[in-house]
Amino acid sequence: MIVAVTVAVLVGLGLVAGAGLALADRYFGVEEDPRVDALEEALPGANCGACGYPGCRAYAKALVGGEDVDLCAPGGNATVRALAEILGREAVEVVEKVALVRCAGTATATSFKAEYAGIQDCRAADIVAAGVTACPDGCLGLGSCVEACDYGAIVIRNGVAVVLPELCIGDGKCVPACPRGLIEMVPKTRQVHVLCSNRLPARQVRQVCRVGCTGCKLCTRVDPAFVVENNVARVAGEPGDKAGEAALACPSQSILDLRLFSAEEFVSSDRARARFKELQAEYKERKKKERLAARKAGERKAEGGPEGKDRAGASRQKAEQSSHAGSDSKGGGS
Amino acid sequence: MRRAGRFWGGIHPAYEKVRTREEAIRPAETPSQVVLPVSQHIGAPAEPVVKKGDRVLAGQVVADAKGLVSVPVHSPVSGKVAEVGLRPVGSGVAQLCVVVENDGRDEWVDLEPAADPAAASPEEIKDRVRKAGIVGLGGAAFPSHVKLSPSKPIDTVLLNGAECEPYLTADDRLMREQPRRVLEGFQLVCRAVGVDRGLVCIEDNKPEAVEAMSRALADFEGMELVLLETRYPQGGEKQLIQAVLGREVPVGGLPMDVGVVVFNVGTSAAIRDAVFEGRPLVERVVTVTGSPVRRPANFLVRLGTPVGSLIEQAGGIEAEPGKVILGGPMMGQATASLDVPVVKGTSGVLVQAPEEVISGEYLACIRCGQCIRHCPIRLSANELSSRAEVGDWETMRALGVMECIECGACAWVCPSGRPLVQFCRLGKAHLRRIDRERREREARRQAAG
């Protein structure tokens, strides 16, 4: 008897509660756009916050409300297309990005300044005498960016942070983690990067770092995509075919060509550096030969050509000679 | 003579002032080259008005103030501008500096003293202080003309002669040797803010300074000497006001919110020179001290002098130093280079032996609460540090870290050797970054529509 009553009461309670819930859903239920689920499914689910929303679902909801489809950095173009398709909007082309640490000043490349025994955090080190190495703009190497990255895409190699592009999802969380603003989001397709942020004048750069950009502007002459601002080169436009040459021409080895080495190799491997030096020497030799050939051709032309052409040829030759001399002396100095 | 009350917390570190307290202030050698950062003060950096190759006279403006909270920088020597460019400064970062090659002739611009200094109007005083590039010489380097123009009614001005920072004796010597100069400046300060009550506050571990100042005070009206208990950080603005007047500066507020303005004795002397002689701020007293220093001294130093040359003039150092600090051991900043220049805020150069340097190792918090008991602001440094360790910056803000005066009493008492004040500084730096990012985001949003 007692069992029957219990069962009856519980079943009765269940029915009443169930009916209540059904009614509540009917009258108080919040309408949610069915596309939100689909959008969330299409997003990478990293919940990284790079879009500016707290998590993928929040962005999905915002998308239904009219937010732009191109805000998901980890998703890249595939995600943008998927989102646009669900929303019936026009897909836009986004530039997929990866993080880049603009410094290659490893413990061996830079001169040592002081021991730092304080809190192991880059910003803390930056507050006091600004780090261990003598470069005031270089990587502090204490790994605040490593901690900021949820994907293990940044490693410290010999005192410098290096981004592993194959692991980087491009959420940009590491960018504000660096107190010196060394990390930049760069297009994934870009192959050539300047790995230096030192704003000091050339003479002082030489004192603090072997691979520091001196702002000599040689690269800007090879490829106009390079610009020198505040004494340091950076890639401003889209590097052209000659960008690789700029890397080889750089007297301070500050420019990385990803077609030759990965960032990790270029920054920390002595072998890669030695190989790069060989390549640079070959390049210089090749350039020298080209110039000699050009000069000979110019002379031949000058012999038979009209006077005006001769003058132009001679002055060009002169300019070439002087620029050659300039780059030579720089090469010898490095 | 009145005795002041107490402020909360505080500590009694080893003062170590005995090394230099009997050393009279003597002029340091003028260096062959001075490096003058354009930002030696809190506020907008000055803008260079000279270029490479220009000849400048001593006292000439080389970088002019930009904006209201900013002061000009003057050349302390005559000579040629060697460079206007980035140079590493005390904080370790590269900063825009004007470098002047000293020609050794020490030719000055024509100084224009006030016609009648004793009758200078408040406006004239403020104007002269601004043009002379004067900032708070106690270490904070806040532009003095801004402090002289409070937006709230002031009833008391305090002359800060506490010099609570261990090792430093620059203010002590100044009060002992030139009490009249200091008090004349203080009189000008009182006049500029329209107050007839000036309190001269000195810690009781400087009996000679108290003696000299009280003798000189006989010639000045409306001023009174207040004896302070020797306790660190007695010279902190808010602590001084609490001890002397029993008033508490509100959270996020300034001394003027409780009707007070505080001036350091060195600043006061500089203000006197600006009005009485028309001299800009081009030199200051710097204590060079520490156990490895052979002949510790108090130097009158031209700004821009490299720190290393001062150490050499103090007899050099006996052994490889462990640490070189600009300022005192509590509030000063370690420097990694001896080429950095003395700036307006450099009150001392302290060299520590390797065995005096505290290692970076620290232990877990044992919840003893010493840091809370000694914090003059009554913050909970224990809680703040554990928040900093996990990067919970916003909770640090809620716990009041922005009110931290970075005196270091917490770290000094911590039995686990935790770098508590460094954690607070880190939290403040992060919160400033967060605020900046938020402002930038909002600006972008507004720009976008």
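The shown structure was predicted, so the numbers you read here are calculated from the model rather than taken from an experiment. For every chain, the first residue of the written sequence is number 1, and numbering continues from 1 onward in sequence order. A letter from A marks each chain and a number from 1 marks each ligand, given out in the order of writing. Under the rules for a predicted model, residues below a pLDDT of 70 receive no local features and side-chain atom pairs below 80 are neither given nor counted, while totals for whole chains, interfaces and linings still include all residues. Note that the side-chain values use all heavy atoms of the structure and ignore hydrogens as well as water.

This part is about the overall build of chain A. Along its length, chain A carries 13 helices and eight strands. Residue burial in chain A is summarised as follows: out of 334 residues, 40% are buried. Excluding contacts between residues fewer than 6 apart, the proportion of contacts in chain A whose partners are at least 24 apart in sequence is 55%. As presented, chain A carries roughly 18100 Å² of accessible surface, and 55% of it is formed by carbon and sulfur atoms. Each helix corresponds to a stretch of at least 4 residues labelled H or I by DSSP, and each strand to a stretch of at least 2 residues labelled E; elements are numbered beginning at the N terminus. The buried label applies to any residue whose accessible area, calculated with a 1.4 Å probe on protein chains only, is under 20% of its type's maximum; exposed applies above 50%, and partly exposed to all values in between. Every residue pair with non-hydrogen atoms within 4.5 Å of one another is taken to be in contact. For every accessible area listed, the method is Shrake-Rupley and the probe measures 1.4 Å; residues are considered covered only by the protein chains on display.

Residues and elements named next belong to chain B. When a carboxyl oxygen of Asp or Glu is within 4 Å of a side-chain nitrogen of Lys or Arg, the pair counts as a salt bridge. Applying the stated criterion to the full structure yields 58 salt bridges over all chains. Ionic pairing is found between Glu394 and Arg397, a salt bridge with its closest N-O pair at 3.0 Å. Of this pair, Glu394 and Arg397 both sit in helix H11 (residues 393-398), three residues apart, which is roughly one turn of that helix. Judged by its relative accessible area of 36%, Glu394 falls in the partly exposed class. For Arg397, a relative accessible area of 26% corresponds to the partly exposed category.

So, about the interface of chain A and chain B. Taken together, the contacts link 18 residues of chain A with 22 residues of chain B. As used here, buried area is the combined drop in accessible area, with a 1.4 Å probe, of two parts when they are placed together. Roughly 1700 Å² of surface becomes buried between chain A and chain B when both sides are summed, with 64% attributable to carbon and sulfur atoms. Between N or O atoms, a polar contact is any pair within 3.5 Å; within protein, one atom must be a potential hydrogen donor and the other a potential acceptor, and residues adjacent in sequence are included only when both atoms are from side chains. For the pair chain A and chain B, the interface holds two residue pairs in polar contact (both at pLDDT 80 or more). Taken together, the elements giving at least two residues each to the side of chain A that touches chain B come down to helix H5 (122-127) and helix H8 (202-208) of chain A. Looking at the side of chain A that touches chain B, the element that brings in the most residues is H5 of chain A, giving three residues. Throughout this entry, Asp, Glu, Lys and Arg are counted as charged residues, while Ala, Val, Leu, Ile, Met, Phe, Trp, Tyr, Cys and Pro are counted as nonpolar. The remaining residues, Gly among them, count as polar. Its residues assigned to classes, the side of chain A that touches chain B comprises twelve nonpolar, one polar and five charged.

All names here are of chain B. Any two strands between which DSSP finds at least two bridges are classified as paired. In spatial order, the strands read E3-E9-E8-E5; together these four strands make up an open sheet with antiparallel pairing. Two strands bound the open sheet, and with one partner strand each, they are strand E3 (33-37) and strand E5 (55-56). Summarising the sheet, E5 and strand E8 (residues 79-88) pair through two bridges and their orientation is antiparallel. The residue bridging Arg55 from the neighbouring strand is Lys80, located in E8.

Residues and elements named next belong to chain B. Spatially, six strands are ordered E2-E15-E14-E18-E16-E17 in an open sheet, and the strand pairing comes out mixed. The strands lining the two open edges of the sheet, one partner per strand, are strand E2 (26-27) and strand E17 (333-335). Alignment of E2 against strand E15 (residues 297-302), held across two bridges, turns out to be parallel. Each bridged residue has a counterpart across the sheet, and for Pro27 the counterpart in E15 is Leu300.

To continue, consider the confidence of the model for chain A. Across the chain, each position has a pLDDT score giving the predictor's confidence in that residue, from 0 to 100. Mean pLDDT over chain A stands at 85; residues scoring 70 or higher make up 89%. With pLDDT under 50 throughout, residues 307-334 of chain A is counted as low confidence; its partners more than four residues away or in other chains account for 14 contacts.

Okay, the confidence of the model for chain B next. Residue and element names in this part refer to chain B. Per-chain confidence: chain B averages 93 in pLDDT, with 100% of residues scoring 70 or above. By mean pLDDT, E17 is the weakest element of chain B at 87, and E15 is the strongest at 97. Listed scores for the predicted complex are pTM 0.82 and ipTM 0.79.

Before going further, it helps to spend a moment on the pairing of E15 of chain B. Residue and element names in this part refer to chain B. Here E15 lies mainly inside the structure; five of its six residues are buried. Across six bridges, the pairing between strand E14 (residues 283-289) and E15 is antiparallel. Residue pairing in the sheet places Val286 in a bridge with Phe299 of E15.

All names here are of chain B. Relative to the elements of secondary structure, Lys344 occurs in the loop between E17 and strand E18 (348-352). Charged-residue counts in this description rest on Lys and Arg as positive and Asp and Glu as negative, His and the chain ends being excluded. In this structure, Lys344 is buried with no salt-bridge partner, the nearest side chain bearing the opposite charge being Asp64 at 9.8 Å. A polar atom in the side chain of Lys344 sits 2.9 Å from the backbone oxygen of Gly133.

Judged by nonpolar contacts, the single largest core of 60 residues is most densely connected at Val101, Ile154, Ile183, Leu195, Phe226, Ile255 and Phe261 of chain A. The leading source of residues in this core is helix H10 (residues 243-249) of chain A, at five residues. Discounting chain neighbours no more than four positions away, the residues touching Leu195 of chain A are Leu100, Val101, Arg102, Cys103, Ala104, Ser254, Leu256, Phe266 and Val267 of chain A. We define the nonpolar core as a collection of buried residues of types Ala, Val, Leu, Ile, Met, Phe, Trp, Tyr and Cys that are connected through side-chain atoms lying within 4.5 Å of one another. Core analysis: the next-biggest nonpolar cluster, separate from the first, contains 49 residues, Ile154, Leu159, Val195 and Leu227 of chain B among them.

We now examine the packing of helix H1 (residues 122-131) of chain B against helix H4 (residues 179-193) of chain B. All names here are of chain B. Note on geometry: axes are lines fitted to C-alpha atoms, helical ones only across the stretch in contact, with angles between N-to-C directions running from 0 to 180 degrees. Look at H1 against H4: their axes get within 8 Å of each other, and the N-to-C directions meet at 120°. Between H1 and H4, the angle falls in the class oblique. With respect to the hand of their crossing, H1 and H4 are arranged in left-handed fashion. From H1, Pro122, Ile125 and Lys126 reach across to H4, where they touch Leu188, Arg191 and Ala192. Of the residues in the contact of H1 with H4, the class split is four nonpolar, no polar and two charged. Working definition: roughly parallel below 35 degrees, roughly antiparallel above 145 degrees, roughly perpendicular at 65 to 115 degrees, and oblique for all remaining angles. A clockwise turn of the near helix away from the far one marks a right-handed crossing, whereas an anticlockwise turn of less than a right angle marks a left-handed crossing.

Turning to the environment of Met1 of chain B, a few remarks are in order. Residue and element names in this part refer to chain B. The residue Met1 is located in the segment before strand E1 (2-3) in this model. Between the C-alpha atoms of Met1 and Glu224, which are 223 residues apart in sequence, the distance is 7.7 Å. What Met1 contacts, discounting residues up to four positions off in sequence, is Val210, Leu225 and Leu227.

All names here are of chain A. Put simply, helix H2 (residues 35-42) and helix H4 (residues 76-87) touch, their axes get as near as 9 Å, and they point 170° apart. Relative to H4, the element H2 lies roughly antiparallel. Across from Arg35, Ala38, Leu39 and Ala42 in H2, the residues of H4 making contact are Thr79, Ala82, Leu83, Ile86 and Leu87.

A word on H1 of chain B. Residues and elements named next belong to chain B. Along H1, the positions that sit buried rather than exposed are Ile125, Lys126, Arg128 and Val129. Relative to the axis of H1, the buried residues are bounded by an arc of 165° and lie together on one face. Opposite the packed face of H1, turned more than 90 degrees from it, sit the exposed residues Glu123 and Lys131. Tucked inside the fold, the buried residues of H1 contact helix H2 (144-147), H4 and helix H7 (265-276). One or two positions beyond H1, positive phi appears at Gly133, with a value near 70°. Here the arc refers to the set of directions running from the helix axis out to each C-beta atom.

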